[in-house]
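Residues per chain are reported as follows:
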Amino acid sequence: CIRDRRKSTAALSSTKRGKKPAETNKGVSQADFPDGRKPGSFEDHDVPAKISEFKQVKGPSGEGNVTNMFFKVEWRSRKDGTKPAGTYFSNEILRKRCPQLLLDYYEERIHISTAK
């Protein structure tokens, strides 16, 4: 994955000031993870392993027929041995942060048949 030092520094400094960075998952609480695991994040320097799921979410009624795409990222175990819970990210975030991971996911699911 690509790590942009300017972005990660800005994300860390905004977190220290009490503001949440734009790439965090809003509305996610510990109750959403009944097994007690914390969700993985780029800000915590978790390393993504793969994309396991895909969801399409229709935007608010004021936005027309806008459909947002979200992918569930599964994470590698942290140095302390804990494995973060899977986390959903938008297509836009993954295109910036982990373009190769997103391409791998697409390539696994695209089947091209050659007509003879």
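1. A closer look at the sheet that holds strand 1 (residues 48-58)
Thought 1: On the basis of which strands lie adjacent, the open sheet formed by 3 strands has the order 1-2-3 and antiparallel pairing. Where the open sheet ends on each side, the last strands, each with one partner, are strand 1 and strand 3 (87-90). Strand-to-strand twist across the sheet, computed as the mean angle between neighbouring axes with direction ignored, equals 30°.
Thought 2: In this fold helix 3 (residues 99-109) packs onto strand 1 and strand 2 (67-75), with an angle of close to 75° to the strand it touches most, strand 1.

2. Here's the deal with the pattern of salt bridges
Once their charged atoms are close, side chains differing in charge can pair, the charge on each being opposite to the other.
Thought 1: Counted under the stated rule, the structure contains 3 salt bridges.
Thought 2: For Glu-53, the salt bridge is made with Lys-72, and the minimal N-O distance between the two is 3.8 Å. You can see Glu-53 sitting in strand 1 and its partner Lys-72 sitting in strand 2, a full 19 residues away along the chain.
Thought 3: By relative accessible area, which is 33% here, Glu-53 ends up partly exposed.
Thought 4: Its salt-bridge partner being Arg-109, residue Glu-108 comes within 2.9 Å of it at the nearest N-O pair.
Thought 5: Since its relative accessible area comes to 53%, Glu-108 is described here as exposed.
Thought 6: By relative accessible area, Arg-109 is classed as partly exposed at 41%.

3. Remarks on the confidence of the model for the protein chain
Thought 1: Confidence in the prediction of the protein chain, expressed as mean pLDDT, is 76, and 66% of residues score 70 or more.
Thought 2: Note on residues 4-24: pLDDT is under 50 here. Beyond four places in sequence and across chains, it has 15 contacts.
Thought 3: This stretch, residues 26-30, has a pLDDT under 50; its non-local contacts, to residues over four places away or in other chains, come to 6 contacts.

4. Some details on the nonpolar core
Thought 1: In this structure, Phe-42, Ile-51, Phe-71, Val-73, Trp-75, Phe-89, Ile-93, Leu-94, Cys-98, Leu-101, Leu-102 and Tyr-105 together form the largest nonpolar core, which totals 12 residues.
Thought 2: Contributing elements (two or more residues each) for this core: strand 2, helix 2 (91-97) and helix 3.
Thought 3: Beyond its immediate stretch of four places on either side in the chain, Leu-94 contacts Phe-42, Ile-51, Phe-71, Val-73, Phe-89, Pro-99 and Leu-102.

Definitions and cut-offs
- Residues numbered from 1 in each chain as written.
- Predicted model: local features only at pLDDT ≥ 70, side-chain atom pairs only at ≥ 80, totals over all residues.
- Heavy atoms only, no water.
- Pairing = 2+ DSSP bridges.
- Helix = DSSP H or I, 4+ residues; strand = E, 2+ residues; numbered from the N terminus.
- Axes fitted to C-alpha atoms, helices over the stretch in contact; angles between N-to-C directions.
- Contact = heavy atoms within 4.5 Å.
- Salt bridge = Lys/Arg side-chain N within 4 Å of Asp/Glu carboxyl O.
- Buried < 20%, exposed > 50% of the residue type's maximum accessible area, 1.4 Å probe, protein only.
- pLDDT = per-residue confidence, 0-100.
- Core = buried A, V, L, I, M, F, W, Y, C linked by side-chain atoms within 4.5 Å.

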